[in-house]
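Residue-level listing of the chains:
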Amino acid sequence: MERGVIFLCILILARTAVIREKCQIIELISLMLSYENRILYMHDYFPIDYKLPVKYEEILQCQNITSLFSDGITVDELRFLWGIVNENILLSMLRALPERHPSRSYINDLKNIFKKLHNGIQPELSNTINDILARLLIPGDRVKGVAPKNLLDDCFRLLDVLYQEECDLCLPRSHSEDVLCPNGTVPGFSAAQRLPC
């Protein structure tokens, strides 16, 4: 009996440590994606009306996440998809930028943090998520031009939507972010369950 209790306690402590480490990475991503950083590195340092060609699957917004969640996709799968999509976007940005671009080190740092987020852990993925991930790998598939700041704005909004509850995030949001991705859109949590920051 005692061995069973000890084993259960060890499992709980191990899971808590894994969640804490993941939340530290998420907090670091949220700091890197501050509004000021997104303006400086993704807007001010780029030519006016600059667009990055990305695949439609890489334009991941609140309505996509809500729709996938409504179709039975788990929060763990959505978090994994969010991480992979944003890592791909950051790689696309790095490929497009000249070596001495002032945003290059910022993007590279973010990419490395996203790489740490997964750290070899992958949830069981549904066919829907596997199909989306497969389409990301198809070269020359349909693309759309999107401003780099808009891509990282979506990344920041979804970080809030997907991790706010588990990691107890209180992210500073601009008025436009509240309008585009209102509180209460967290998959699996109602607006009443979501604590205000």
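This write-up is about the structure you can find in this document.

Rules used throughout
- Residues numbered from 1 in each chain as written.
- Predicted model: local features only at pLDDT ≥ 70, side-chain atom pairs only at ≥ 80, totals over all residues.
- Heavy atoms only, no water.
- Helix = DSSP H or I, 4+ residues; strand = E, 2+ residues; numbered from the N terminus.
- Buried < 20%, exposed > 50% of the residue type's maximum accessible area, 1.4 Å probe, protein only.
- Contact = heavy atoms within 4.5 Å.
- Areas by Shrake-Rupley, 256 points an atom, 1.4 Å probe, with all protein chains shown as cover.
- Disulfide = S-S within 2.5 Å.
- Axes fitted to C-alpha atoms, helices over the stretch in contact; angles between N-to-C directions.
- Parallel < 35°, antiparallel > 145°, perpendicular 65-115°, else oblique.
- Left-handed = near helix turned anticlockwise from the far one by under 90°.
- Nonpolar A, V, L, I, M, F, W, Y, C, P; charged D, E, K, R; others polar.
- Core = buried A, V, L, I, M, F, W, Y, C linked by side-chain atoms within 4.5 Å.
- Salt bridge = Lys/Arg side-chain N within 4 Å of Asp/Glu carboxyl O.

This part is about the overall build of the protein. Helix and strand content of the protein: eight helices and two strands. In sequence order, the secondary structure elements of the protein are arranged as α-α-β-α-α-α-α-β-α-α. In the protein, which comprises 197 residues, the share counted as buried stands at 42%. Within the protein, counting contacts between residues at least 6 apart in sequence, those at least 24 apart form 81% of the total. Carbon together with sulfur atoms contributes 58% to the accessible area of the protein, which is approximately 11,400 Å² in total.

Another aspect to go through is the state of the cysteines. Under the criterion given, the structure shown has one disulfide. Note on cysteine connectivity: Cys23 is disulfide-linked to Cys167, with sulfurs 2.1 Å apart. Every disulfide takes its handedness from the sign of the S-S torsion; for Cys23 and Cys167 that torsion is -80°, giving left-handed. Of the two residues, Cys23 is situated in helix 1 (residues 2–32) and Cys167 in helix 7 (residues 148–167); the sequence distance between them amounts to 144 residues.

Attention now moves to the packing of helix 2 (residues 35–44) against helix 7. Interhelical geometry of helix 2 versus helix 7 gives an angle of 155° and a closest axis separation of 8 Å. Judged on the interaxial angle alone, helix 7 and helix 2 are roughly antiparallel. Where helix 2 crosses over helix 7, the two elements pack in a sense that is right-handed. For the pair helix 2 and helix 7, the contacting residues are Tyr35, Arg38, Ile39, Met42 and His43 in the first and Pro148, Lys149, Leu152, Asp153 and Phe156 in the second. Class assignment for the residues of the contact of helix 2 with helix 7 results in six nonpolar, one polar and three charged.

Relative to each other, helix 4 (residues 75–96) and helix 7 sit at 155°, their axes nearing to 11 Å. What the angle tells us is that helix 4 and helix 7 run roughly antiparallel. The hand of the helix 4/helix 7 crossing is left-handed. For the pair formed by helix 4 and helix 7, the contact residues are Val75, Leu78, Arg79, Trp82, Asn86, Ile89, Leu90 and Met93 on the first element and Pro148, Leu151, Leu152, Cys155, Leu158, Leu159, Leu162, Tyr163 and Glu166 on the second.

Buried together is how nonpolar side chains tend to be arranged in soluble globular proteins. Ranked by internal contacts, the top residues of the largest apolar core, which has 48 residues, are Ile29, Trp82, Met93, Leu110 and Leu152. If you list the elements that add at least two residues to this core, you get helix 1, strand 1 (52–55), helix 3 (62–70), helix 4, helix 5 (104–118), helix 6 (127–137) and helix 7. Once residues within four sequence positions are removed from consideration, Trp82 is found in contact with Ile26, Ile29, Leu60, Phe114, Leu117, Cys155, Leu158, Leu159, Leu162 and Tyr163.

Before going further, it helps to spend a moment on unusual backbone geometry. With a phi angle near 65°, Asp49 is a residue other than glycine that sits in the positive phi range. Its place among the elements puts Asp49 in the loop between helix 2 and strand 1.

Evaluation of the coordinates by the stated rule reveals seven salt bridges. As a salt-bridge pair, Glu99 and Arg104 come within 3.5 Å of each other at their nearest N and O atoms. The exposure class of Glu99 is exposed, given its relative accessible area of 63%. Two residues, Asp154 and Arg157, come together in a salt bridge whose shortest N-O distance is 2.8 Å. Of this pair, Asp154 and Arg157 both sit in helix 7, three residues apart, roughly one helical turn.

Inspection of the secondary structure puts Glu87 in helix 4. In this structure, Glu87 is in contact with Lys111, Phe114, Lys115 and His118, ignoring residues within four places of it in sequence.

Our focus in this paragraph is the environment of Pro148. Within the element layout of this structure, Pro148 appears in helix 7. With 55 residues separating them along the chain, Pro148 and Met93 place their C-alpha atoms 7.9 Å apart. Setting aside residues up to four positions removed in sequence, Pro148 forms contacts with Met42, Phe46, Tyr50 and Met93.

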